[in-house]
Amino acid sequence: AAAGGRGGKWRMHLQFEVWTRLPDTAVITRDEVGGAADERSVLGSHLQSDRVYIMDRGYERYALFEDIVQVGSDYLSRVQWRSMKSAVAQPIPEAAAQAGVVSDELIEPGRSREEVGRITHPVRRLVLEGGVPQAPSPTGNERSEQVVLLTNLVDVPAEVLAAMYRLRWQIELFFRFFKHVLGCRDLISNKPEGVAIQIYCALIAALLMCLMLGRDVGRHGFRILCLYFQGWAD
């Protein structure tokens, strides 16, 4: 899973292994919109083979999807709803329906805002029900609560893809833990080296707490450890 978190003038771009629930690749850039600091550009410059990249809507870019396939990996990304030409509509098995799959089809994507070449791989679109309720649109149009996904995994059962995408929430939980439990809501340095030191210290502290408790550390576990080190709890 990939995500970006802001802290002052800086942004941390993180790749996260959902099975191990551990961060893998972290990149620090200035908190700027577009250019080399754009989250899609950062991810595109750090792609690896033999991965399945699970991404939210902020990473929607057809050129990025094509690059992921070209390096020998796969993607599953939430995207905005757009009218696309449906090539093949696929039936919804009972297992997929129970997983919340509303539609499953092979589509012919258009182009993203950035000019890109032809998409060389087949693209599949899934629509899942039960998305997170959206805030009212500035234009007054009703926003859909459905989750729209694009992927190149055309042979994977729809219910498996739905379960895979829901694993992406693990990275949001990590950022919440990183900011609110470990106290890294704000970055204390204006230099990439200082930011890296703060991140490493926080992650080392998290690993030490996990070793002491023998389980994941929540906010209450963090507080009781603080009390223990101060001699106020046994």
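Residues numbered from 1 in each chain as written. Predicted model: local features only at pLDDT ≥ 70, side-chain atom pairs only at ≥ 80, totals over all residues. Heavy atoms only, no water.

**Q** Break down the overall build of the chain for me, citing the residues and quoting the values.
**A** Helices and strands together make up the secondary structure of the chain, namely seven helices and nine strands. Across the 234 residues in the chain, those meeting the buried criterion constitute 39%. Taking the intrachain contacts of the chain between residues at least 6 apart in sequence as the baseline, contacts between residues at least 24 apart amount to 48%. Here the chain displays about 13,700 Å² of accessible surface, and carbon together with sulfur accounts for 53% of that area. (Helix = DSSP H or I, 4+ residues; strand = E, 2+ residues; numbered from the N terminus. Buried < 20%, exposed > 50% of the residue type's maximum accessible area, 1.4 Å probe, protein only. Contact = heavy atoms within 4.5 Å. Areas by Shrake-Rupley, 256 points an atom, 1.4 Å probe, with all protein chains shown as cover.)

**Q** Explain helix 5 (residues 169–181) to me, using residue names and the numbers behind them.
**A** Given a rise of 1.5 Å per residue, 13 residues ought to cover 18 Å, and the 17 Å separating the end C-alpha atoms of helix 5 matches this to within 8%. Among the residues of helix 5, Ile171, Phe174, Phe175, Phe177, Phe178 and Val181 are the ones counted as buried. Phi turns positive, to about 75°, at Gly183, one or two residues after helix 5. (Expected span 1.5 Å × (residues − 1).)

**Q** Give a description of the environment of Glu129 that names residues and reports values.
**A** Tracing the sequence through the fold places Glu129 in the loop between strand 8 (123–128) and strand 9 (147–151). Sequence separation between Glu129 and Glu145 is 16 residues, and the spatial gap between their C-alpha atoms is 7.1 Å. Among residues more than four places away in sequence, those in contact with Glu129 are Gly100, Val102, Gln146 and Arg166.

**Q** An account of the nonpolar core is needed here, citing residue identities and associated values.
**A** Residues Phe16, Phe177, Phe178 and Leu182 are the most contacted members of the largest nonpolar core, which totals 21 residues. Every element with two or more residues in this core is listed here: strand 2 (10–17), helix 5 and helix 6 (192–213). The greatest single-element share of this core, amounting to six residues, is contributed by helix 5. Among all residues touching Phe177, those that are not within four sequence positions of it are Leu182, Ala206 and Val217. By size, the runner-up hydrophobic cluster in this structure holds 18 residues, among which are Tyr53, Ile119, Val123 and Leu150. (Core = buried A, V, L, I, M, F, W, Y, C linked by side-chain atoms within 4.5 Å.)

**Q** Run through unusual backbone geometry, naming residues and quoting values.
**A** Here Asp50, not a glycine, exhibits a phi torsion of approximately 60°, which is positive. Residue position: Asp50 is located in the loop between helix 1 (39–44) and strand 4 (52–55).

**Q** Which residues make up the packing of aromatic side chains, and what are the values?
**A** Tallying each qualifying case throughout the model produces five aromatic pairs. Here the aromatic residues Phe16, Phe174 and Phe175 are joined through ring pairs into a cluster of three or more. (Phe/Tyr/Trp six-rings, centres within 6.5 Å; stacked < 30°, edge-to-face > 60°.)

**Q** Before we move on, can you summarise the pairing of strand 2 with the specific residues and values?
**A** Within strand 2, seven of the eight residues are buried, which leaves it mostly tucked inside the rest of the structure. Pairing of strand 2 with strand 3 (residues 22–30), which is carried by eight bridges, proceeds in the antiparallel orientation. Opposite Glu17, over in strand 3, you have Leu22 as the bridge partner. Hairpin connection between strand 2 and strand 3: a loop of four residues separates the two successive antiparallel strands, and Arg21 in this loop has a positive phi of roughly 60°. (Pairing = 2+ DSSP bridges.)

**Q** Lay out the pattern of salt bridges with the relevant residues and their values.
**A** Any two side chains of opposite charge can pair if their charged atoms end up close together. For the structure on display, the rule yields eight salt bridges. The closest approach of N and O atoms between Arg168 and Asp56, which form a salt bridge, is 3.3 Å. Taken together, the positions of Arg168 in the loop between helix 4 (158–166) and helix 5 and Asp56 in the loop between strand 4 and helix 2 (62–70) put the pair 112 residues apart, joining distant regions of the chain. What makes Arg168 buried here is its relative accessible area of 5%. Of the charged contacts in the structure, one is a salt bridge between Asp104 and Arg124, with a shortest N-O distance of 2.8 Å. Here the residue Asp104 occupies a position in strand 7 (residues 101–108), and Arg124 occupies one in strand 8, the gap between them amounting to 20 residues. (Salt bridge = Lys/Arg side-chain N within 4 Å of Asp/Glu carboxyl O.)

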